[in-house]
Amino acid sequence: MELEPELLLQEARENVEAAQSYRRELGQRLQGLREARRQIKESASQTRDVLKQHFNDLKGTLGKLLDERLVTLLQEVDTIEQETIKPLDDCQKLIEHGVNTAEDLVQEGEIAILGGVGEQNEKLWNFTKKASHIQLDSLPEVPLLVDVPCLSAQLDDSILNRVKDHIFKHGTVASRPPVQIEELIEKPGGIIVRWCKVDDDFTAQDYRLQFRKCTSNHFEDVYVGSETEFIVLHIDPNVDYQFRVCARGDGRQEWSPWSVPQMGHSTLVPHEWTAGFEGYSLSSRRNIALRNDSESSGVLYSSAPTYFCGQTLTFRVETVGQPDRRDSIGVCAEKQNGCDSLQRDQAVCISTNGAVFVNGKEMTNQLPAVTSGSTVTFDVEAVTLGSTNNNEGGNFKLRVTISSNNREVVFDWLLEQSCGSLYFGCSFFYPGWKVLVF
């Protein structure tokens, strides 16, 4: 009976904790509702502004086009009028000149006749002589009305119905976009963006991915294509970015509405090649190495051991040069200056001919030869820590998967000592090879 108050007190405490947890959960749901309401309100307001601006622009453009067409047609009327009136003006001048000549001749003849015969014989003689030089029976030809232009405007009234049909079908309002961002995966110096369709009735032909820093007001295109995954590079660590995606329907020209923007960032330090190594030229971010024409040879290592077990290390071959069996792309436990290749102890690598080397020994299995555009990935996982029960000389075992051109090889890699992170490197004996690491 003495324990009953303690049990009641314990139960009360548990109920209080449960109520507090319940209150927190409800608070989070209220916050979710507020964000959902805000998204609806803001997207509705933005959609109204877009619709008003678009149709105002459309009205202005259509009015301008109609005015330009009217000016063109009026100019055609002016041209036809001027070109066809000119011959009539010339003919009118000729006729008016003939009328004036005839009137003068009539007046002169009437005066000569009134004088009679005798004293006026000279006047009659001069009049008769003058009249004989004028072709009183020659009349200019005047065109018939059917032979001169009769201008009219040919206007197709059905254009109004066709324009009306297009206008009534122009534009749609979507309650949600047909695609949404599904996942953001951080990479050293990059973020993998994956998206998917959420509208089963929508057939996508292309996708368009944009991103921006959260401090920027401007999104920029980073990918357009048919894939549903893309790695955005040149990402600064610990900086927030926004991503959005839209799609273009099959056979359509316009893009769908944008997905809800998703925020992501990478906490991983970008992979960089060692700067200042003779024989290789680096990009500004030091994630691209180009084998130059220098006669110097050797392994170009990463600037630091930035590759950790459990991550995926990716090399993308941008351009190729002449291959050599001593070429190598891979990872190693430590730098060994003076080596011409990663085909050595404490390293695993792939040669440009596809051969795989583990601690300097070539494996029986090999991958396809490396070509321009090839992507080579390394996935390393810790398998055993401490001493092994064999005589292979290692006390730290790693499981390595190398993938290239849709093929992969999996093997165990024994190291002399444990290491929390690995270096990566490459070596090429001929110029022209360019490798991006991420």
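For clarity, every value in this text was computed on a predicted model and none was experimentally measured.

Conventions used here
- Residues numbered from 1 in each chain as written.
- Predicted model: local features only at pLDDT ≥ 70, side-chain atom pairs only at ≥ 80, totals over all residues.
- Heavy atoms only, no water.
- Pairing = 2+ DSSP bridges.
- Helix = DSSP H or I, 4+ residues; strand = E, 2+ residues; numbered from the N terminus.
- Axes fitted to C-alpha atoms, helices over the stretch in contact; angles between N-to-C directions.
- Polar contact = N/O pair within 3.5 Å; in protein donor to acceptor, adjacent residues only side chain to side chain.
- Contact = heavy atoms within 4.5 Å.
- Core = buried A, V, L, I, M, F, W, Y, C linked by side-chain atoms within 4.5 Å.
- Buried < 20%, exposed > 50% of the residue type's maximum accessible area, 1.4 Å probe, protein only.
- 1 Å grid on protein atoms, 1.4 Å probe; cavity = no way out; pocket = protein on both sides within 12 Å on 5 of 7 lines; lining within 4 Å.
- Points joined across faces, edges and corners; volume = space filled by probe spheres on them.
- Nonpolar A, V, L, I, M, F, W, Y, C, P; charged D, E, K, R; others polar.
- Patch = residues over 30% accessible without salt bridge, like charges linked within 9 Å, V, L, I, M, F, W, Y side chains within 5 Å.
- Areas by Shrake-Rupley, 256 points an atom, 1.4 Å probe, with all protein chains shown as cover.
- Salt bridge = Lys/Arg side-chain N within 4 Å of Asp/Glu carboxyl O.
- Lys, Arg positive; Asp, Glu negative; His and termini not counted.
- Charge placed at Lys NZ, Arg CZ, Asp CG, Glu CD.
- UniProt positions renumbered as here; feature names shortened; annotations may be inferred.

Some details on the sheet that holds strand E1 (residues 179-187)
Then comes step 1: Taken together, three strands build an open sheet; the order of strands is E1-E2-E5 and the sheet is antiparallel. A single partner strand is all that each edge strand has here, and the edge strands are E1 and strand E5 (229-233). The average undirected angle you get between the axes of adjacent strands in this sheet is 25°.
Then comes step 2: Here strand E2 (residues 190-197) pairs with E5 via five bridges, running antiparallel. Along E5, the bridge assignment pairs Ile191 with Val232.

Notes on the side chain of Asp206
Then comes step 1: Structurally, Asp206 can be placed in strand E3 (residues 204-213).
Then comes step 2: Polar side-chain contacts of Asp206 include one of 3.4 Å to the side chain of Gln205.
Then comes step 3: The contact partners of Asp206, leaving out residues within four places of it in the chain, are Gly225, Ser226, Cys246, Ala247, Arg248 and Trp255.

Regarding the nonpolar core
Then comes step 1: One finds Trp273, Phe315, Val331, Phe378, Ile402, Phe411 and Trp413 to be the most contacted residues of the largest nonpolar core, which totals 36 residues.
Then comes step 2: Sequence-distant contacts of Phe411, that is, excluding residues within four places in its chain, are made with Val348, Val356, Val358, Met363, Leu398, Arg399, Val400 and Ile402.
Then comes step 3: Ile191, Leu209, Tyr241 and Ala247 belong to the second-largest nonpolar core, a separate cluster that totals 16 residues.

Section: the layout of surface pockets
Then comes step 1: Put simply, the largest pocket is a space of about 2000 Å³.
Then comes step 2: Contributing to the lining of the largest pocket are 47 residues, with Thr47, Ala174, Ser256, Pro257 and Trp258 lying nearest its centre.
Then comes step 3: Mapped onto the lining of the largest pocket, the elements with two or more residues apiece are helix H1 (4-114), E3 and strand E6 (241-249).
Then comes step 4: Of the residues forming the lining of the largest pocket, the biggest block, 14 residues, is contributed by H1.
Then comes step 5: In terms of residue class, the lining of the largest pocket is built from 19 nonpolar, 15 polar and 13 charged.
Then comes step 6: When its volume is computed, the second largest pocket comes out at roughly 550 Å³.
Then comes step 7: Broken down by secondary-structure element, the contributors of at least two residues to the lining of the second largest pocket are H1 and helix H3 (158-169).
Then comes step 8: Broken down by element, the residue count for the lining of the second largest pocket peaks at six residues, all from H1.

Focus: a positive patch on the surface
Then comes step 1: On the surface, a cluster of positive charge is contributed by Arg37, Lys41, Arg48 and Lys52.
Then comes step 2: With respect to the helices and strands, the residue Lys41 is situated in helix H1.
Then comes step 3: Exposure remark for Lys41: the relative accessible area of 59% places this residue in the exposed category.

Some remarks on the pairing of strand E13 (residues 328-332)
Then comes step 1: In terms of burial, E13 is largely enclosed, as five of its five residues are buried.
Then comes step 2: Taking every second residue as pointing to the same face, both faces of E13 are buried, with Ser328, Gly330 and Cys332 on one and Ile329 and Val331 on the other.
Then comes step 3: Examined bridge by bridge, E13 and strand E20 (residues 421-427) share five bridges and lie antiparallel to one another. Paired with Gly330 across the strands is Gly425, a residue of E20.
Then comes step 4: Pairing of E13 with strand E14 (residues 347-350), which is carried by four bridges, proceeds in the antiparallel orientation. Within the sheet, the bridge partner assigned to Cys332 lies in E14 and is Ala347.

Some thoughts on the pattern of salt bridges
Then comes step 1: A complete count under the given rule lists 14 salt bridges for this structure.
Then comes step 2: Notably, a salt bridge pairs Glu183 with Arg194, separated by 3.1 Å at the nearest N-O pair. Linking Glu183 in strand E1 with Arg194 in strand E2, this pair joins segments that are 11 residues apart in sequence.
Then comes step 3: You can call Glu183 partly exposed: its relative accessible area is 35%.
Then comes step 4: In this structure Arg194 comes out as partly exposed when scored by relative accessible area, which is 27%.
Then comes step 5: Across the salt bridge formed by Asp221 and Arg208, the nearest N and O atoms sit 2.9 Å from each other. Note that Asp221 is positioned in strand E4 (residues 220-225) and Arg208 in strand E3, a separation of 13 residues in sequence.
Then comes step 6: Linked by salt bridges that have partners in common, Glu183, Arg194 and Glu229 make up one network.

Side note on the sheet that holds strand E7 (residues 262-264)
Then comes step 1: A sheet is described by the order of its strands in space; here four strands give the open sequence E4-E3-E6-E7, paired in antiparallel fashion. Among the strands making up the open sheet, the edge pair consists of E4 and E7. The mean inter-strand angle of the sheet, taken between neighbouring strand axes irrespective of direction, is 30°.
Then comes step 2: In this structure, E3 lies alongside E4, joined through five bridges in antiparallel fashion. Within E4, the position partnered with Phe211 by the bridge is Glu220.

So, the environment of Gly264
Then comes step 1: In this structure, Gly264 sits in strand E7.
Then comes step 2: As a C-alpha pair, Gly264 and Leu342 span 78 residues in sequence and 35 Å in three-dimensional space.
Then comes step 3: Residues within four places of Gly264 in sequence aside, it is in contact with Leu184, Ile191, Val239, Asp240, Tyr241 and Phe243.

Quick look at the UniProt feature "domain: Fibronectin type-III" (unreviewed entry) in the protein chain
Then comes step 1: Taken from the UniProt record, the annotation "domain: Fibronectin type-III" (unreviewed entry) applies to residues 177-270.
Then comes step 2: Each end of residues 177-270 is marked by a C-alpha atom, and these two atoms are 33 Å apart; helix forms 0% of the span and strand 53%.

Topic: a nonpolar patch on the surface
Then comes step 1: A surface patch of nonpolar side chains, amounting to about 510 Å² of accessible area, comprises Ile159, Leu160, Val163, Ile167 and Phe168.
Then comes step 2: Relative to the elements of secondary structure, Leu160 occurs in helix H3.
Then comes step 3: A relative accessible area of 60% means that Leu160 is categorised as exposed.

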